[in-house]
Structure formats: structure tokens, C-alpha cells
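Listed here are the chains, written in short residue letters.
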Amino acid sequence: MAEQANAFKNEAFAADIQAEIELLQWCDALILQFPIWWFGMPAILKGYMDRVFVPGVTYGRGKWYEIGPMAGKRALVSCTADCGPVGYSPRGRYGELGILLWPVHTSLRFIGFDVLEPVYTGLVSAGDEERKAGLAAYAARLKGFETDQPMPFHTEDDYADTYTLKPGIKGKTIAQWGE
Ligand SMILES: Cc1cc2nc3c(=O)[nH]c(=O)nc-3n(C[C@H](O)[C@H](O)[C@H](O)COP(=O)(O)O)c2cc1C
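Asker: Residues and numbers for the overall build of the protein chain, please.
Answerer: What the protein chain contains, in helices and strands, is 5 helices and 4 strands. Its helices and strands taken in sequence order, the protein chain reads α-α-β-α-β-α-β-β-α from the N to the C terminus. Across its three principal directions, the C-alpha atoms of the protein chain cover 50 × 45 × 30 Å. For the protein chain, the residues scored as buried account for 40% of the 179 residues in total. Taking as baseline every contact in the protein chain between residues at least 6 positions apart, the subset at least 24 positions apart corresponds to 70%. Of the accessible surface of the protein chain, which amounts to about 11,000 Å², a share of 58% is contributed by carbon and sulfur atoms. Taken together, the 17 basic and 22 acidic charged side chains of the protein chain have centroids lying 2 Å from each other.

Here's what the structure looks like:
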């Protein structure tokens, strides 16, 4: 973090990272499209977040979550895997998709994005019919990109201090459920 803050202060990011930072600042909307690999995002996407979501640019100086630098922009995770959606449901073999995607979703929210419910396209190797159906469902979701209700996240008002919810505030994300 110190090195990233230093690079921000001295405008010393590597050219490819600087280019990605500028793209992120420029975009109106962000769609992350990736295959599920080992029950999460591929390492290259994690590497992108490690290098591009840097302090000074995407968070810091009291700006995070609903007042983060990306506030007002929407983000969507669209992922593929090779089983039907039931495999990624609460009683499915692989478990609830939202749990696998929490690190991505909460990171996008951390820097200010409104995050939409994810798009999941499964059975990618099953054939043309499934592929067509998946693409049609994805197209339908994209029509609601600007109007769909984003996923619920807690706001600053819900927290008693920097890191804990106030007593009596019910957790509303997949990761904050304890009383
Ligand atoms: C390294 C690797 C790890 C994978 N891990 C998972 C996994 O954890 N769960 C799953 O359902 N599919 C997994 N898959 C299958 C991919 O999700 C699937 O092949 C991909 O979504 C197909 O999209 P593509 O045609 O864009 O690669 C994995 C594939 C690879 C190559």
C-alpha cells in the first residue's frame, strides 16, 4: 500500500497500470466477464484488482463504499462455468454463487460501485442450445443495467464504529448475517 500511495503521489505507476487506472476512471459502467476457476475469479483478474484498485485513486482519504471514487457508476459480474445454475445454489454441489463472488462484489462496492446481481451462464460446453439460451438471458439482463435494483450493501449509518454493525442492525449481505 505504501508503494502504491508513493506511486500515486509521484505519478510513477507503470504505464500499463496507469492506462488501466485511467480506463477505470473514464468508464461509466464496468462489466467483469470471467470463468469460475477454482471456485472464484481467475488469478489474472485478482492481479488486475491488486494492481489497479490503488489507494488515492479508488479509495482512501475517507472515501470508500457509497462515497468511494466510483460512486454513481454501476458494475456487473458475469461469470461462466460448466454446470447448470442449480449447482451454484444454496443446496447445490458447489454452493451459493454469491458466496464465491463475495470477494469481487465487496471489492467493487468498497471503491464505490453500485453492484448488480451477477449473471451466471452455465453449461458452456453443453452445446448451441444452452449457449443461445445463456446469451439471451444475458442480453435480457443487460437491458436492465441502468434500472435494476443494485445488490444491498450496508451504508456508513449502519456501523457503530469503523468495523462493526450497530446492535440491532440486521445483516443484509451474504457475508454479514450474525446478530
Ligand atoms: C483452471 C480451471 C479451473 C476451473 N474451476 C472451476 C470451478 O471451480 N468450478 C466450475 O464450475 N468450473 C470450473 N472450471 C470450468 C470453467 O469455469 C469453464 O470451463 C469456463 O467457464 C468456460 O468458459 P470459457 O469457454 O470462456 O473458458 C475451471 C476451468 C479451469 C480451466
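Asker: Break down the pattern of salt bridges for me, with residues and values.
Answerer: This model, assessed by the stated rule, comprises 3 salt bridges. The closest approach of N and O atoms between Asp114 and Arg109, which form a salt bridge, is 3.1 Å. The partly exposed category is assigned to Asp114, whose relative accessible area is 25%. Owing to a relative accessible area of 8%, Arg109 belongs among the buried residues under this scheme. The salt bridge partner of Arg141 is Asp148, with a shortest N-O separation of 3.8 Å.

Asker: Break down helix α3 (residues 43-52) for me, citing the residues and quoting the values.
Answerer: Leu45, Gly47, Tyr48, Met49 and Val52 are the residues of α3 that are buried. Considering only its buried residues, α3 is in contact with α2 (15-26), β1 (29-35) and α4 (97-110).

Asker: Go over the site of the ligand, please, and point to the residues and values.
Answerer: Neighbouring the ligand are Pro35, Ile36, Trp37, Trp38, Phe39, Thr80, Ala81, Tyr88 and Val124. In this structure, a nitrogen atom belonging to the ligand sits 2.8 Å away from a main-chain N or O atom of Trp38. A distance of 3.4 Å is found between an oxygen atom of the ligand and a backbone nitrogen or oxygen belonging to Ala81. Relative to its unbound accessible surface of 630 Å², the ligand loses 57% to contact with the protein. Split by residue class, the shell around the ligand holds 8 nonpolar, 1 polar and no charged.

Asker: I'd like a rundown of the nonpolar core, residues and numbers included.
Answerer: By size, the foremost hydrophobic cluster in this structure holds 36 residues, and its most contacted members are Leu24, Phe34, Leu108 and Phe113. Taken together, the elements giving at least two residues each to this core come down to α2, β1, α3, β2 (74-80) and α4. By residue number, the principal contributor to this core is α4, which donates 5 residues. The contacts of Phe113, once residues within four sequence positions are left out, are Leu24, Cys27, Leu30, Met70, Lys73, Arg74, Ala75 and Leu108. With 5 residues, the next largest nonpolar core counts Leu116, Val119, Tyr138 and Phe145 among its residues.

Rules of the game
Residues numbered from 1 in each chain as written. Predicted model: local features only at pLDDT ≥ 70, side-chain atom pairs only at ≥ 80, totals over all residues. Heavy atoms only, no water. Helix = DSSP H or I, 4+ residues; strand = E, 2+ residues; numbered from the N terminus. Buried < 20%, exposed > 50% of the residue type's maximum accessible area, 1.4 Å probe, protein only. Contact = heavy atoms within 4.5 Å. Areas by Shrake-Rupley, 256 points an atom, 1.4 Å probe, with all protein chains shown as cover. Lys, Arg positive; Asp, Glu negative; His and termini not counted. Charge placed at Lys NZ, Arg CZ, Asp CG, Glu CD. Salt bridge = Lys/Arg side-chain N within 4 Å of Asp/Glu carboxyl O. Near = heavy atom within 4 Å. Polar contact = N/O pair within 3.5 Å; in protein donor to acceptor, adjacent residues only side chain to side chain. Nonpolar A, V, L, I, M, F, W, Y, C, P; charged D, E, K, R; others polar. Core = buried A, V, L, I, M, F, W, Y, C linked by side-chain atoms within 4.5 Å.

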